[in-house]
Protein chains: 2
Amino acid sequence: MLKTIGFIFILFLTACATNQTATDPLPSWTDGVSKQRIINFVNDVTNSNGGDFVPSSKRIATFDNDGTLWSEKPTYFQLLFILDRIKQMAPDHPEWKTTQPFQAVLENDMALIKAAGEHGFMQLAMATHAGMTTEEFETIVNDWLATARHPSTGQAYNSMVYQPMLELLDYLRANGFKVFIVSGGGLEFMRPWTEAVYGIPPDQVVGSSIETRYEMRNSKPVLARLPELHFSNDNVTKPVAINRFIGQRPILAFGNSDGDFEMLKWTTSGAGPRLGLLVHHTDAEREWAYDRESSEGRLVRGLDEADENGWLVVDMARDWQVIYPYQSAE
Amino acid sequence: MLKTIGFIFILFLTACATNQTATDPLPSWTDGVSKQRIINFVNDVTNSNGGDFVPSSKRIATFDNDGTLWSEKPTYFQLLFILDRIKQMAPDHPEWKTTQPFQAVLENDMALIKAAGEHGFMQLAMATHAGMTTEEFETIVNDWLATARHPSTGQAYNSMVYQPMLELLDYLRANGFKVFIVSGGGLEFMRPWTEAVYGIPPDQVVGSSIETRYEMRNSKPVLARLPELHFSNDNVTKPVAINRFIGQRPILAFGNSDGDFEMLKWTTSGAGPRLGLLVHHTDAEREWAYDRESSEGRLVRGLDEADENGWLVVDMARDWQVIYPYQSAE
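Quick caveat, the model's predicted, so the values are computed rather than measured.

Notes on the side chain of Gln 248 of chain A
Assignment of secondary structure puts Gln 248 of chain A in the loop between helix H10 (237-246) and strand E5 (252-255). From its side chain, Gln 248 of chain A meets the backbone oxygen of Ser 57 of chain A in a polar contact 3.1 Å long. Beyond its immediate sequence surroundings of up to four residues, Gln 248 of chain A is in contact with Ser 57, Lys 58, Ile 60 and Ile 242 of chain A together with Pro 202 of chain B.

Remarks on unusual backbone geometry
With the exception of glycine, most residues fall at negative phi, and the peptide bonds are largely trans. In the segment running from Lys 73 of chain A into Pro 74 of chain A, the intervening peptide bond is cis, with an omega of 5°. Geometrically, the link from Gln 100 of chain B to Pro 101 of chain B is a cis peptide bond, its omega value of 0° lying close to zero. Tracing the chain through its elements places Pro 101 of chain B in the loop between helix H3 (77-89) and helix H4 (102-106).

A short note on the nonpolar core
Phe 63, Met 165, Leu 168, Phe 177 and Tyr 198 of chain B are the most contacted members of the largest nonpolar core, which has 69 residues in total. Looking at this core element by element, the count peaks at eight residues for H3 of chain B. Sequence-distant contacts of Tyr 198 of chain B, defined by excluding residues within four places in its chain, comprise Asn 65, Leu 69, Trp 70, Val 161, Leu 166, Leu 169, Arg 173, Ile 181 and Trp 193 of chain B. Counting residues in hydrophobic clusters, the runner-up holds 68 residues, among them Phe 63, Phe 77, Leu 80 and Met 89 of chain A.

Remarks on empty space enclosed by the protein
One pass over the structure, following the stated rule, counts four cavities of 30 Å³ or more. Space inside the largest cavity adds up to approximately 70 Å³. Class assignment of the residues belonging to the lining of the largest cavity gives a composition of three nonpolar, three polar and four charged. Its volume calculated, the second largest cavity comes out at about 40 Å³. Lining the second largest cavity are His 230, Arg 244 and Phe 245 of chain A together with Ser 209, His 230, Phe 231, Arg 244 and Phe 245 of chain B. Of all the secondary structure elements, the ones that give two or more residues to the lining of the second largest cavity are H10 of chain A together with strand E4 (220-231) and helix H10 (237-246) of chain B. Looking at the lining of the second largest cavity residue by residue, the class counts come to three nonpolar, three polar and two charged.

Considering the interface of chain B and chain A
With 39 residues of chain B in contact, the opposing surface of chain A contributes 39 residues. Summing both sides of the interface, chain B and chain A together bury roughly 3200 Å²; the carbon and sulfur share of this comes to 54%. On the chain B side of the interface with chain A, the three residues burying the most area are Asp 203, Tyr 214 and Arg 244 of chain B, jointly 22% of the side's total. Applying the counting rule to chain B against chain A returns six salt bridges. Run the count over chain B and chain A and you get 18 residue pairs in polar contact (both at pLDDT 80 or more). Of all elements in the fold, only helix H7 (134-147), strand E2 (178-186), helix H9 (187-198), strand E3 (205-217), E4, H10 and helix H11 (261-268) of chain B reach the threshold of two or more residues within the side of chain B that touches chain A. With seven residues, the top contributor of residues to the side of chain B that touches chain A is E3 of chain B. Of the residues belonging to the side of chain B that touches chain A, the class tally is 16 nonpolar, ten polar and 13 charged.

What about the confidence of the model for chain A?
Do not read the predicted coordinates in detail wherever pLDDT is low. All names here are of chain A. Within chain A, residue pLDDT values average 94, and 93% of them lie at 70 or more. Mean pLDDT across the elements of chain A ranges from a minimum in helix H1 (residues 2-21), with 48, to a maximum in strand E1 (residues 60-63), with 99. Every residue in residues 10-21 is under pLDDT 50, and counting partners more than four places away or in other chains gives zero contacts. Reported confidences for the modelled complex are a pTM of 0.93 and an ipTM of 0.92.

Thresholds applied
- Residues numbered from 1 in each chain as written.
- Chains lettered and ligands numbered in written order.
- Predicted model: local features only at pLDDT ≥ 70, side-chain atom pairs only at ≥ 80, totals over all residues.
- Heavy atoms only, no water.
- Helix = DSSP H or I, 4+ residues; strand = E, 2+ residues; numbered from the N terminus.
- Polar contact = N/O pair within 3.5 Å; in protein donor to acceptor, adjacent residues only side chain to side chain.
- Contact = heavy atoms within 4.5 Å.
- Core = buried A, V, L, I, M, F, W, Y, C linked by side-chain atoms within 4.5 Å.
- Buried < 20%, exposed > 50% of the residue type's maximum accessible area, 1.4 Å probe, protein only.
- 1 Å grid on protein atoms, 1.4 Å probe; cavity = no way out; pocket = protein on both sides within 12 Å on 5 of 7 lines; lining within 4 Å.
- Points joined across faces, edges and corners; volume = space filled by probe spheres on them.
- Nonpolar A, V, L, I, M, F, W, Y, C, P; charged D, E, K, R; others polar.
- Buried area = accessible area lost by both parts, 1.4 Å probe.
- Salt bridge = Lys/Arg side-chain N within 4 Å of Asp/Glu carboxyl O.
- pLDDT = per-residue confidence, 0-100.

Following this line, the structure appears as C-alpha cells:
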C-alpha cells in the first residue's frame, strides 16, 4: 500500500516536471505542422551547437501589421480613422458638404469613397494627417483609439490584435530576436500604441510616412506635418525600407498579402536558415475569410508561389485556437 | 592590540567597499565640471525615487558621428573613401583623366575638388556609391576600412574613434539608454562597422542615404544602389530623421558642429531632464583644433548659443585624458 502511494507520488512528480519543461510557448496555436515548423526554426537558429545557429544580433524578424498583427476588415483601420476624423473635422470645413471625396465620407457612401481611388484617398489622408505638429497628431491618434469602436465587434481597434501573434512576438523576443513592424500603415499612426500592445518600441516600427518640417513656433522647435507623401511602404518598397531602417536582412518575415510578397522573398533569399510566413484569412466565423478577391489583404501570388518559395501558409481557422486576446479572457 | 588590528581590518574593508561603488565609469574623462555634469544627469534620470526619473524606454541618446565619435580631419573620412575609390576605379574610366571633378581627384588637387562644390561632390559621391548592390557596397566599405590608412596617423580610419566617447556609450547603455548615431554620413558607409566599433547595431544608425531599388537578378532579389540622393541628414533635417527613424525625442544629444544645432535644440526643448552636449575641438597637439572657420565641423552658433540653451561644451584638450583607444593601449 505504502509502495503504491509512493509510486503514485513519483508519477505525480514526473508529470509536474514534464509539464514544466514542456511549457507551451504558443498556447493559442493548434498543435500541428505550422506550430511545429515555427518552433523547429527557433530551436535551430538558437542552438549554438547546430549547423543553423544564427547569433542573436542577426535574429531579425519583420511583421506586417494590417491583417497580420491586427484585423483589416471591413477595411483598413487607418482608413476608418480617416473617415472618423473627416466627420469630426467637418464643422470647420462647411465646403466638404459639397466637395468630393469629402461629401461621400459625410454621407457614408463607401462605394463612392472607394471609387475616388488613390487620388481621392490621398486627399482624405492629407486632410486628416497633415496640418498639425507630430505631437498633436499623436494626441489625435491616442484619443481616437481610446474612444472609437469597431463597427462589428464593438471593441477598441487595438484590442483586435491576434493573440497567437502576441505569443509569437514574445516567443521570438525570449529567444533573442529583435522584432520589427514593416507595414504599409502610417509610421505615426502605429507608434503611439505598438509598444503597449505588441511590446514593439517606436524605433522598431517601419511604415509609410508623410513629409515633416522643422520649424520654430513661440521660440520652440516643432515638426510640422506636411500634406506630402514621403514614402509608401508596400510590395517592392518593403525591402527598400527594411534596408534603410533596419540595415540587415531579416531571417523571419510574416505577412498576409501580396504587399508582403517582396518582403518574404527578400527575407528567404538570404543565406542560412530563413522562414517566410503568411497568415491566410480562412475563418469567416471568428474573423473574416478572404484572399484573392479582397480589396484589403489581397493574396494571390503569395498563395500560388508559397510552396515553391518554401513559405509556411498559416491557416487561421485551423492553426489558431483563439483570435483576439479579449476572447481568451472570456 | 587585537582591537587595533580589528579596526584596521574594518578600515580596509570599508576602503574596498568604497572603491567598489566608486568605480569610475568614464576613466578617460578628466575629473571636472563636464564629467560631473554627465554623471549627475545619468544619476538623475535613473534614480526612480527622484523627480527627474525617466523610464528606460524613453532614455534615448543620439550621437553625431563625424567629429563627435571619430575624427574628421584633414577632411571627412567618407570623402577620403570617395577619393580613394575614384583612384581605384580610374582604370575602368579613362575619360576621368580629362573630366572634372574626376581629373582633380586623380591629380590630388584638393583645392579644385573643394571648388567643385556641392554639384562636384555629388558627382564623385554617386560615381563611388551607386551602381552596385547593397551587399557589394558593404564589401567595398569593409575592404577599404581593412586597408586604407589615415594620412597623418597611419591608423585605420575606424581606429580613430574617441576613447572617452566609447566609454560614454558603454556608460549610457549600462544605465538603460538606447544609443543611436544620427549623422550626415552615409547610412551604408557607417553600418558595416558601427556595431563592432561602437556597439551600435545597424538599425540604430541614422544617416544620409541614396535611393535603392528592388530588382530580380538571376532569380534572386537584390537592392540596387541608384545615383540619386534620397535624404541628406544635416541641421534642420536631423530632427526630421530622428522622428522618422527613432520616433521619440531623445533626452540626450551629442554633436560637435552647427549641423547638430537643431538636433540639440530639438532634444533639449522637450519636457523633463535633457542634456545637450558639443565636443569642442581644442587640441591641436593630440587631435585637431578648429571651430568657427573650419570647412569640416564648423561651429559658430553652437558656441555662441550653448550657454543660453544650457548645453555643455566639452573641451577636448581639458576634458579628455586620452583621445584614441590605440593611445591608451600604448
